[in-house]
Amino acid sequence: MSYKFYEGQMSGELPPWNQHLYSKGGWRKSAHLKDNYNGIDLVGGFYDAGDYLKISHPLGWGVSNLILSMVEFKQAYDDANVWATAVRNMKWATDWLIKAHVKASDNPRDNVFIGQLSGKNDHHYFGRPEHAYNERPIYVADSSTGGADLVGEFAAAYAAGAVLFKAEGQAAYANVLYKHAQQAFAFAEAHPNTWKVPPGVFQAYASYWPEGYIAHLAWASAWMCKYDADMCPTANKWFNNALAVNNLRYGLGYDWDSTLPGAAALMISMSQPSASAAKQYLEDYVLTKWENSGNKCPQPSYSTVCYTPKGLAYYSDWGTLRNTGNMMFMAALMGKYGNNKQAHICWARSQMRYITGTATGKSYLIGYGPDQPKRPHHRQSACSARYTEPCNPFNGGTCCAGESGVGVGGCCDESNFRNPHPAQIVLAGALVGGPDQSDNYPDIREDYQRSEVALDYNAGFTGAAAGLAQFARSGGLGSCHGGSGSGGGGTPNPPSNPPPNTPPPNNGGGNGGGKTIPDWQKCGGIESNCPASSCGDGKWNGFSCKSGSVCKRQSEYFWISSTVSAVTPDGKAMGAKGTVALSSAEVGITWQ
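Worth saying up front: this structure is predicted, and the values here are computed from it rather than measured.

Help me understand the overall build of the protein chain, please; the structure alone is not making it clear to me.
A count of helical and extended segments in the protein chain gives 16 helices and 14 strands. Once local pairs closer than 6 in sequence are excluded, the contacts in the protein chain between residues at least 24 apart make up 71%. Summed over all atoms, the accessible surface of the protein chain reaches about 18,700 Å², with 50% contributed by carbon and sulfur.

Pasting the structure below:
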C-alpha cells in the first residue's frame, strides 16, 4: 500500500505505470512541468507532504530507508509481488535527485544541490497541482551555505541507489549514482555545518542539533561502505565520531534529522569494526528504551518513550507514528542481526497491531483496517477526484466548471480544505501523524501535527511491514502474543553525563509563554494572539489541541500543542509521508 501513496505524491510528467493516472480513471494528472533552476530541468520527483513542495532532505532519507528495507527483506517484496513497483519508484526518486545536483564537480566547493523547491506560497495554495499558479522559489546548498546534513542525505540516497541498481544488473546507472555520492560526500565533509535558507524564508525542514550533520555523514558513509569497501574506514570513523556526541548518542528518535540509529544498523549488518559499539548503542540503549512498556504516559515529548493506555510507544507530539514506525524498522533489523531477536520482532508486531487497528479497533493507515482516518492534512484529497475544465483561480485554489461551494461537487479551494467533510480521494497507504498520549485522535484536516501525511512518515513503517512479513513467512511471529504494547527488556540506568536528549526551550518570537485552551480549540495564527506583522502562520488558524493542552509558538511559522505543560517544543520544522502492504494475519497489514 505504501507505494500507492508514493505514486499519488509523484510530480512531473507521470509515467504510464503510475497507479493513479487520471486517464485510467484515477485522480492524478501530470503537474509542475516547468520546474527549473536557472533553466536546469527539475521536473519530476515527489511532493513532500500535503502540499506541493519538493524537498531533498526528507526525500533522500526516505529513499535510503526504503532501499534498506528492499535489501534486507527482499523476500517479502517478492512474495507480495511489489519488487518491480518498488524499484520503479526508487528510480523515479534517484533520477530526480540526480537532477537536483544542479552543478556536479570533483571540486567540493563547486557543487550545488537543490535543498527546497517552493515555500510558503505552496502552503497557501489549496487547489490541484496541475492547476497551480503560485511562484515556486528555489533554495540551494552551495559553498556559501554549506549543509553537510542536507547533502549527506543526497550522498546516502545516491549510494543506496547504487547498491540497489548494481544488484539489479544496472551497473552503468549504479556507477553514475555512486559518482554523485562521492561528490556529495566530499562537499559534506568540506562544509561541516547544517543547511539554512536565507533569513526570513520559510524552511520546511531545518536540522535541530548543530552537530547533527556528523550523524548524516555516518549514515552516508555507511551506505558508501556497503557499495565500496574502500569507504569502510571512513564509515567507521564517522560513526565513532557521531557516537561520541552526547546529543546524538542519547537521543531516542530516528528520522530525517536523527540518523544515527540507521547508521548503526548498517554497520551491524556489515559486521564492521564499530558493529559492537553500534549494537550496544542501538540494541542495548535505544531499543531497550523503546521496548520498555512499563514507562507510562504522560511524559514530556521528545524526552523519553512512554506508553499510551492502549499500548502505543509514544515519543513525539508531532507525527508520533512516524517515529514509532521508524523505530519498528530498526527493531525488525535487530530481529535479524541483534542479540535479542525475538523480543524486537514481537515488539515491532505489537506496534504494528496498534497502528493498523488490529489490536485497538482504530487504524491510522488510510485504506487499511477499522475506523481509518477520514480527513488527512492533504490538499488534493479534500477535492473531488474528477472535474471538468475550464478551471479558474478561486479563493486560494481553483473552481472548475460545475463546481460550487465545498465538499462533494465543491470547488478545490481554501474553504473546501477547511470544511470538515471527509476526504473525497482515499490516500491508500498513507500513514497519518497519529494520536496524543491519551490515544485521542481528533481527525481534523487542519491539524497538521496529527493528520498530516508525508514521504518520510511511511519510509520506516514500510520497512517494518516488510520485515514482519518476512518473519511471518519463516514462522518468526509464532511466539508473539496479541497485545499492542508488549515490550522486551527493561530500562537501563540513564546516563549521568549528559542527561537524555531533551530539547531546550524555544525562546523565539511571538507568544512565547503559550496558553491553555479548551477542548480541541484552535491553536496558531490569528486566533492565538499572533501579531499580524510577525505572524508567518496567519492562515493556519485551525490547528487543534486537546483540553488542557498548552498552545505555544514553536517558530515563526508553526505552533505546537503539548499534552504535558512541562514539555518544550523540539525546534524541528515539518515532518512528512507513505506504506507497504503485507499479507499475513499475524502482522495485521496487507501488502499491495
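Explain the sheet that holds strand S3 (residues 54–55) to me, please; I cannot follow it from the model alone.
Backbone hydrogen bonds are what pair the strands of a sheet, in a parallel or an antiparallel way. One open sheet holds the three strands; their spatial order is S3-S4-S5, and the pairing between them is antiparallel. Taken across any chain shown, the strands that pair with only one partner, and hence form the sheet edges, are S3 and strand S5 (138–141). In terms of strand pairing, strand S4 (residues 113–117) meets S5 through four bridges, oriented antiparallel. Opposite Ile114, over in S5, you have Val140 as the bridge partner.

How should I be thinking about the pairing of S4 in this particular structure?
Where a strand is regular, its side chains alternate between the two sheet faces. Burial analysis of S4 places five of its five residues in the buried class, which makes it a mostly covered element. Alignment of S3 against S4, held across two bridges, turns out to be antiparallel. When the sheet's bridge partners are listed, Ile55 is paired in S4 with Gln116.

Explain the pairing of strand S8 (residues 391–394) to me, please; I cannot follow it from the model alone.
Bridging between S8 and strand S9 (residues 397–400) involves four bridges; their strand directions are antiparallel. When the bridges of S9 are listed, Pro393 appears paired with Thr398. Counting the residues in the hairpin turn of S8 and S9 gives two residues, including Asn395, whose phi is positive at 50°.

Definitions and limits used
- Residues numbered from 1 in each chain as written.
- Predicted model: local features only at pLDDT ≥ 70, side-chain atom pairs only at ≥ 80, totals over all residues.
- Heavy atoms only, no water.
- Helix = DSSP H or I, 4+ residues; strand = E, 2+ residues; numbered from the N terminus.
- Contact = heavy atoms within 4.5 Å.
- Areas by Shrake-Rupley, 256 points an atom, 1.4 Å probe, with all protein chains shown as cover.
- Pairing = 2+ DSSP bridges.
- Buried < 20%, exposed > 50% of the residue type's maximum accessible area, 1.4 Å probe, protein only.

Function cannot be read off these values alone, since they describe shape.
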